[in-house]
Amino acid sequence: MVDKSVTDAGDAAQVQQKVKKYKSRALIEREELKALLREIAFRRFVWRLLGECGIGNDAYLGDVNDMLINSGKRHIGMRLIHYLDEVDETAYPKMMLENIGKDDDG
């Protein structure tokens, strides 16, 4: 059986078709994230998730293994902020304003 998803890099038409499919999928994902960001419940969820990532904390707290784990968490949080900024550069600042004065207990 032949895998039809494999692209012949020498076939310009196949390459162009893959590029078009990728761009279309990326556009759909951007629009989906924009729609989710309009929902306060989603923004609250993202804010809690960013808190779990510890982006505002130091990665190194005395133990190298903990530092590696914390660095990984921070990296995920920074990627999430990057995705938010790609679709709406006001989303992260808006979440910051929505959560001013709220403690970690809710």
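Not measured: the values here are computed from a predicted model.

Focus: the environment of Ala 91
Consideration 1: Residue position: Ala 91 is located in helix α4 (residues 91-98).
Consideration 2: Relative accessible area serves as the criterion here: at 3%, Ala 91 is assigned to the buried category.
Consideration 3: A C-alpha to C-alpha distance of 9.1 Å links Ala 91 and Arg 38, two positions 53 residues apart in sequence.

Quick notes on the side chain of Arg 43
Consideration 1: Its location among the elements puts Arg 43 in helix α2 (residues 40-53).
Consideration 2: A distance of 2.7 Å separates the side chain of Arg 43 from the backbone oxygen of Leu 37, its partner in a polar contact.
Consideration 3: Setting aside residues up to four positions removed in sequence, Arg 43 forms contacts with Leu 37, Arg 38, Lys 94, Met 95 and Glu 98.

Digging into the packing of aromatic side chains
Consideration 1: Within the structure shown, the criterion is met by 2 aromatic pairs.
Consideration 2: For the pair Phe 42 and Phe 45, a centre-to-centre distance of 6.5 Å together with 40 degrees between the ring planes defines the contact as tilted. Note that Phe 42 and Phe 45 are positioned in helix α2 at a spacing of 3 residues, about one turn of the helix.
Consideration 3: A relative accessible area of 41% places Phe 45 in the partly exposed class.
Consideration 4: Ring geometry for Trp 47 against Tyr 92: centres 6.0 Å apart, planes inclined by 35 degrees, an arrangement best described as tilted.

As for the nonpolar core
Consideration 1: Grouped together as the largest cluster of nonpolar side chains are 14 residues, with contacts concentrated most on Leu 33, Leu 37, Val 46, Leu 50, Ile 55, Leu 84 and Tyr 92.
Consideration 2: Breaking this core down by element, the ones donating at least two residues are α1 (12-37), α2, α3 (64-87) and α4.
Consideration 3: Those residues in contact with Leu 33 that lie beyond four places of it in its chain are Phe 42, Tyr 83, Leu 84 and Val 87.

Topic: the pattern of salt bridges
Consideration 1: Within the structure shown, the criterion is met by 3 salt bridges.
Consideration 2: Between Glu 29 and Arg 25 there is a salt bridge, and its shortest N-O distance comes to 3.1 Å. On the criterion of helical spacing, the pair formed by Glu 29 and Arg 25 is a turn pair, its members being 4 residues apart in helix α1.
Consideration 3: Residue class for Glu 29 comes out partly exposed when judged on its relative accessible area of 41%.

What counts, and at which threshold
- Residues numbered from 1 in each chain as written.
- Predicted model: local features only at pLDDT ≥ 70, side-chain atom pairs only at ≥ 80, totals over all residues.
- Heavy atoms only, no water.
- Helix = DSSP H or I, 4+ residues; strand = E, 2+ residues; numbered from the N terminus.
- Buried < 20%, exposed > 50% of the residue type's maximum accessible area, 1.4 Å probe, protein only.
- Polar contact = N/O pair within 3.5 Å; in protein donor to acceptor, adjacent residues only side chain to side chain.
- Contact = heavy atoms within 4.5 Å.
- Phe/Tyr/Trp six-rings, centres within 6.5 Å; stacked < 30°, edge-to-face > 60°.
- Core = buried A, V, L, I, M, F, W, Y, C linked by side-chain atoms within 4.5 Å.
- Salt bridge = Lys/Arg side-chain N within 4 Å of Asp/Glu carboxyl O.

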